[in-house]
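# Structural characterization, general
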Amino acid sequence: MPQRDLQQELETYAKWFHQHPEPSYREFETTKRIRQIFDEHGIEILDSGLKTGLVAVIHGEGTGAGEGHVVAVRGDIDALPITEQTGLPYASLNEGYLHGCGHDYNMTTAIGAALIINERRKDFAGTIKVILQPAEEVAADKDTPTGSVAVLNTGVLADVEAFYGTHDTNEAKPGTVIIGSGPDSGAVDKFHVTVHGRGTHAAHPQGGLNPIRPAVAIIEGIQSIAGQDVDPAHPRVVTVTHVEAGSTWNVVPAQAFLEGTARTAFPEDRTVIHDRLQAAVEGVAAAYGVTADFEWEYGSPSVMNDPHWSALAASTATDVGFTVAAPHPSLGGEDFSYYLQQAPGAFIHIGVGNADRPMHGPTFFPKLDALASGSDLLATVALRTLKEL
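Residues numbered from 1 in each chain as written. Predicted model: local features only at pLDDT ≥ 70, side-chain atom pairs only at ≥ 80, totals over all residues. Heavy atoms only, no water.

Another aspect to go through is the sheet that holds strand 8 (residues 187-196). Read from one edge to the other, the open sheet built from 4 strands follows the order 10-12-8-13, with strand pairing classed as antiparallel. Looking at strand neighbours, the two that pair on one side only are strand 10 (236-245) and strand 13 (291-297), the edges of this open sheet. Each strand axis lies, on average, 15° off the axis of its neighbour in the sheet, ignoring direction. In this sheet, strand 13 lies alongside strand 8 in antiparallel orientation, the contact comprising 7 bridges. Note that in strand 13 the partner of Thr 194 across the bridge is Asp 293. Across the face of the sheet, helix 5 (residues 212-228) comes into contact with strand 8, strand 10 and strand 12 (255-264) while running at roughly 170° to strand 10. (Pairing = 2+ DSSP bridges. Helix = DSSP H or I, 4+ residues; strand = E, 2+ residues; numbered from the N terminus. Axes fitted to C-alpha atoms, helices over the stretch in contact; angles between N-to-C directions. Contact = heavy atoms within 4.5 Å.)

As C-alpha cells, then:
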C-alpha cells in the first residue's frame, strides 16, 4: 500500500479512536473496532482470554534468517477520565473521557505496523506479534495488575525474544523520534508510613507521645536520602505528597500518617532508596520512643532500553526518514517496562507536536502527520530484528 493511502487510512482510524475513548479495562468498543480492522485485513488474532485488548500474530511466509524466532510490537489503548477541551471536529463522544496521553495515536501506529508487516509477510521468515494493550493508565495494585502484566499473564507472549513499543511525545515535532539506550522512564513506587504515638491533652504533652515530631523528622530525612545516598548523575526523586495527623487544635493525636512516591531510573537506586527510607523510619521512631509501620508498594519498574536494539531502532528511524533526537531524563511511569523484564527491546517516542498542550491535560491531542511513517518505523525495526536473532 502506498504510504499516502496508508496515512489516510490510519488518520481515519485515529480519529475514530479519539472520538471513542474508554477507561482502563473497559475498552470494549475500542477492542471491537481493532478486531474489525484486523479481520478486514486477514490478520489472525490469538485466543488470549483478554476481556479487552488483544494480541495478533503474523507469520512470515519466507525462509532464511528469522525463521523460528518471535518479535513483538505494542501499542496501548486506554484513555483518561478528562473532559476534552481541544476544539477538534472529531472530539470525544464519551463525555468525561479523553485520549489525553495519545493512546489513540499509539494504537493506530501499532495497527499500521501490523498492516505493513502483513503486506510483507511473503518477504520474511519468523513471527511478529502485535499487542494492543489495555490499562496502561490503570492505578495498579495487588488485585488489579497494570495492562502489560495482564497481557503477559496470558502466556501468549512467552516465546517473544524482543519487544518494541512506541509512544507519542509532544516534546518533538512530527518527523522526529526520541530514542535512547538505558533507562527511559522511572520506576514508580509508593511508600506509606504510620507513626504510632500516644494521644494526650495539648496542655500536657508530657503525658503522651506526639507522633507529629517524628513524622516531621522522617520527612526531613527522606529528602536527604535522594540527595546523598544515590549517584547524583542518576535521575531520581522522593516526594512526600500526603501528611495527616490530628483533628483539632488542643489534642495531641495518637498517630500521624504520611505517604509519597519514589521514582528511580536505575534498579540499584530503587533498592538503595527503599532500604534507606525504611531504616530512617525505624531509626527515627526508636529515637522518639514511638513505633512506626513502613509499607512500600512496588509499581512498574523503569523502562531499560537495550543498547543493541535501541541502536537498531535509531538507525532504522534514520533510514525511514526520521530525525533522531536524544532523550531527556524522565521519571514518569510506563508499564512497557514489564515486557523488557522478559526479553530485551526498545521504547520509541514519536514526535506529535503541540508542545503548548500538556499531555494528560484537557487540551492535548497529537498531530497525525507521522502516523504512516511511524508505523513503517515500527514494522521495519521488528522485521530487521527478526533477521538478526
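The next thing to look at is the packing of helix 1 (residues 3-19) against helix 9 (residues 371-388). Here helix 1 crosses helix 9 at 105°, and the two axes come no closer than 8 Å. With respect to each other, helix 1 and helix 9 are oriented roughly perpendicular. Residues Gln 3, Leu 6, Gln 7, Leu 10, Glu 11 and Ala 14 of helix 1 form the contact with helix 9, whose participating residues are Leu 371, Ala 372, Ser 373, Ser 375 and Asp 376. Looking at the contact of helix 1 with helix 9 residue by residue, the class counts come to 5 nonpolar, 4 polar and 2 charged. (Parallel < 35°, antiparallel > 145°, perpendicular 65-115°, else oblique. Nonpolar A, V, L, I, M, F, W, Y, C, P; charged D, E, K, R; others polar.)

Right, let's get into the packing of helix 3 (residues 103-119) against helix 9. One can describe the packing of helix 3 onto helix 9 by two numbers: an axis separation of 8 Å at closest approach and a directional angle of 60°. Put simply, helix 3 runs oblique to helix 9. The element helix 3 and its partner helix 9 pack so that their crossing is right-handed. Contacts from Tyr 105, Thr 108, Thr 109, Ala 110, Gly 112, Ala 113, Ile 116 and Ile 117 of helix 3 reach helix 9 at Leu 371, Ala 372, Gly 374, Ser 375, Asp 376, Leu 378 and Ala 379. Looking at the contact of helix 3 with helix 9, its residues break down into 9 nonpolar, 5 polar and 1 charged. (Left-handed = near helix turned anticlockwise from the far one by under 90°.)

Next up on the list: the domain arrangement of the chain. Domains assigned within the chain are domain 1 (6-184 + 301-388) and domain 2 (187-299). Computed over C-alpha atoms only, the centres of domain 1 and domain 2 are separated by 38 Å. Each side of the interface is counted separately: domain 1 has 10 residues, and domain 2 has 13 residues. Of the roughly 840 Å² buried where domain 1 meets domain 2, counting both sides, 65% is carbon and sulfur surface. Our enumeration of links across domain 1 and domain 2 arrives at 0 salt bridges. Connecting domain 1 to domain 2 are 3 residue pairs in polar contact (both at pLDDT 80 or more). (Domains from an automatic or database assignment. Buried area = accessible area lost by both parts, 1.4 Å probe. Salt bridge = Lys/Arg side-chain N within 4 Å of Asp/Glu carboxyl O. Polar contact = N/O pair within 3.5 Å; in protein donor to acceptor, adjacent residues only side chain to side chain.)

With that settled, the discussion passes to the nonpolar core. Ile 34, Phe 38, Ile 111, Val 130, Leu 132, Tyr 164 and Val 177 are the most contacted members of the largest nonpolar core, which totals 58 residues. In contact with Leu 132, other than residues within four places in its own chain, are Ile 34, Phe 38, Gly 53, Leu 54, Gly 75, Ile 77, Met 107, Ala 110 and Ile 111. (Core = buried A, V, L, I, M, F, W, Y, C linked by side-chain atoms within 4.5 Å. Buried < 20%, exposed > 50% of the residue type's maximum accessible area, 1.4 Å probe, protein only.)

Okay, the pattern of salt bridges next. Tallied over the entire structure, the rule returns 10 salt bridges. Between Arg 74 and Asp 76 there is a salt bridge; the shortest N-O distance is 3.8 Å. Of the two residues, Arg 74 and Asp 76, both sit in the buried class. If you follow the salt bridges from partner to partner, you end up with Arg 74, Asp 76, Glu 334 and Asp 335 in one network.

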